[in-house]
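Here is how the chains run, residue by residue.
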Amino acid sequence: MLGKTKTKGLMLATGLATLAMMQPAMALDAEAFVNRIEAVYGAMGYQFDFGPATAEGTTITVDGVTVSFEGMSEEPFELDTTLTFTGVEEFEDGSFTAEELTIPDIDTEFASDPVGHISVTGMVLQDLWLPPEGDTSAEAMMQTVGRMASGPLVISRDGAEVIKIDSMEAVSDFTYAEDDSLESIVSSVSIANIWADLSTVGEEEPEAGAVIEALGLTNISGNISQSLTWTMADGRMTIDEGLMDFADIGALNITFDISGFTLDVLDKIYAMQSSDLDPESEEGQAEQMMMGMQLAQALSIVSANVRYDDAGLAPRLLDMFAAQSGVERAQFVESIKPAVPAMVGQAGIPQLTEMVVPAVNAFLDDPQSFEVNVAPPSPTSLLVLAAAGANPAGLITALGLTITANQ
């Protein structure tokens, strides 16, 4: 009986000793964590100055932060509130992860004359990662945040709401190769139910206010969305939606598909941005030219498209200009059509004039949509396209350029 008791006591003592030895290794260093944030984002041009930080378990709280941007003259932005990082974990290589950063709701005045007030709720960042010390590669920088979001934002002027947004969200999903290197990114951005009251613009800028009123833009509402896919091996980046869609105005969608935009290329861009060379010096200009040539050779256009679908803005613009000219819209349209060939003809490319003029005339007669599309027969590098520019007609063919209206 005595032996059994002694064995139990020895096991308990050993367990407690092991736990005691493990505690210092497991305890989070709050200052090391915030210092790591400052270093990582400093490499991106942000300057963070955090207040006192404390750790309790896997939660780190920080008493405020001041944010400024390298090379910008604006006053630093001071966030005087408690930042809470939860699910924080440190790894042997010195990297950190955090499940979530929450920021208390903001409800404060930012100007006195007129009185400006802003409120934002539900601010959160999720799936945070801080690479090990010294790792400021493009691959590391791309993976620092998985999701950023906020709930409603309201900005008021002298007590009257002038801007409202229901929600904002940016999400990135990362996939990895067998060696744990970054393989691809799929991301999306959504700014939902944007509303703005522009009726007060005329108080400070009467001319702009008159135009806004004439175009019926005193109140606008819409949404912004973007979706992107990027594979690292071939640098294929596809933005299949870059949409700004506003009611009674129109929808502008910009999409493109390029290849060759690899992490190596991005690293070179970062290196040039952080170079100590004066961009105005001969050495700096030579470096920029060399980088431009490298980028032009590396990047290839697969396709690109810009499309505008009108929802009422174009007719109102034509009506406004016609009224200023003292004629009806149809008469005004006919009066400006002869100017289109002259304007496009300044480029000295007859083929371009032949493409643009019919599309512009069709849109002026019946504003529905206008689209510019680039679709080379095969992916073509920017360097090849620049060389083709010596023969403008050949460049149009190389780009696979088409311009259409109302289709």
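Residues numbered from 1 in each chain as written. Predicted model: local features only at pLDDT ≥ 70, side-chain atom pairs only at ≥ 80, totals over all residues. Heavy atoms only, no water.

Named according to an unreviewed UniProt entry, the protein is DUF945 domain-containing protein originating from Devosia chinhatensis.

Caption draft 1: Seen up close, the pattern of salt bridges. Counting across every chain of the model gives 11 salt bridges. Here K268 and D264 are joined by a salt bridge, their closest N and O atoms 3.7 Å apart. Of the two residues, K268 and D264 are both situated in helix α6 (residues 263-273); the distance of 4 residues between them amounts to about one turn of the helix. Judged by relative accessible area, which is 47%, D264 ranks as partly exposed. Across the pair D309 and R307 runs a salt bridge whose closest N-O atoms are separated by 2.9 Å. (Salt bridge = Lys/Arg side-chain N within 4 Å of Asp/Glu carboxyl O. Helix = DSSP H or I, 4+ residues; strand = E, 2+ residues; numbered from the N terminus. Buried < 20%, exposed > 50% of the residue type's maximum accessible area, 1.4 Å probe, protein only.)

Caption draft 2: Summary view of the nonpolar core. Counting residues in hydrophobic clusters, the biggest one holds 43 residues, and the most contacted among them are F33, I60, V62, L83, F85 and V88. The dominant element in this core, judged by the number of residues it contributes, is helix α2 (residues 30-42), at 6 residues. Other than its neighbours up to four places away in sequence, L83 contacts F50, I60, T61, V62, V65, L101, T102 and I103. If you look at the next biggest cluster of nonpolar residues, it comprises 18 residues, including A138, M237, M291 and L295. (Core = buried A, V, L, I, M, F, W, Y, C linked by side-chain atoms within 4.5 Å. Contact = heavy atoms within 4.5 Å.)

Caption draft 3: Geometry of helix α8 (residues 313-325). With 13 residues, α8 ought to run about 18 Å at 1.5 Å a step, and its terminal C-alpha atoms sit 19 Å apart, in line with that. Here α8 has its buried residues at L313, A314, P315, L318, M320 and A322. Turning to α8, the residues buried within the fold contact α5 (206-214), β17 (300-310), α9 (329-336) and α11 (350-365). Looking one or two residues beyond α8, the residue adopting positive phi is G326, at roughly 75°. (Expected span 1.5 Å × (residues − 1).)

Caption draft 4: Spatial organisation of the environment of M237. By secondary structure assignment, the location of M237 is in strand β15 (residues 236-246). Separated by 209 residues in sequence, M237 and L28 have C-alpha atoms that sit 38 Å apart. Those residues in contact with M237, other than ones at most four positions away along the chain, are L228, T229, W230, F256, D257, I258 and F261.

Caption draft 5: Inspection of the environment of M291 at higher detail. Its place among the elements puts M291 in helix α7 (residues 282-298). M291 has contacts with K268, I269 and M272, leaving out every residue within four places of it along the chain.

Caption draft 6: Here's a closer look at the pairing of strand β12 (residues 160-176). Here strand β10 (residues 145-150) runs beside β12; their pairing, made up of 4 bridges, is antiparallel. Residue pairing in the sheet places M148 in a bridge with A170 of β12. As consecutive antiparallel partners, strand β11 (residues 153-157) and β12 are separated by 2 residues, and within that stretch D158 has a phi angle of approximately 50°, a positive value. Between β12 and strand β13 (residues 182-197), which pair antiparallel in sequence order, lie 5 residues; one of them, D180, sits at a positive phi of approximately 70°. (Pairing = 2+ DSSP bridges.)

Caption draft 7: Layout of the packing of aromatic side chains. Counted by the stated rule, this structure contains 11 aromatic pairs. Here Y41 and Y46 contribute two aromatic rings whose centre-to-centre distance is 6.1 Å and whose plane-to-plane angle is 75°, an arrangement assigned as edge-to-face. With a relative accessible area of 16%, Y41 lands in the buried category. Taken together, the aromatic side chains of Y41, Y46, F48, F50 and F69 make up a single cluster linked through ring pairs. Sitting over the face of the ring of W195, K164 holds its NZ or CZ atom 5.1 Å from the ring centroid. (Phe/Tyr/Trp six-rings, centres within 6.5 Å; stacked < 30°, edge-to-face > 60°. Lys NZ or Arg CZ within 6 Å of the ring centre and 35° of its normal.)

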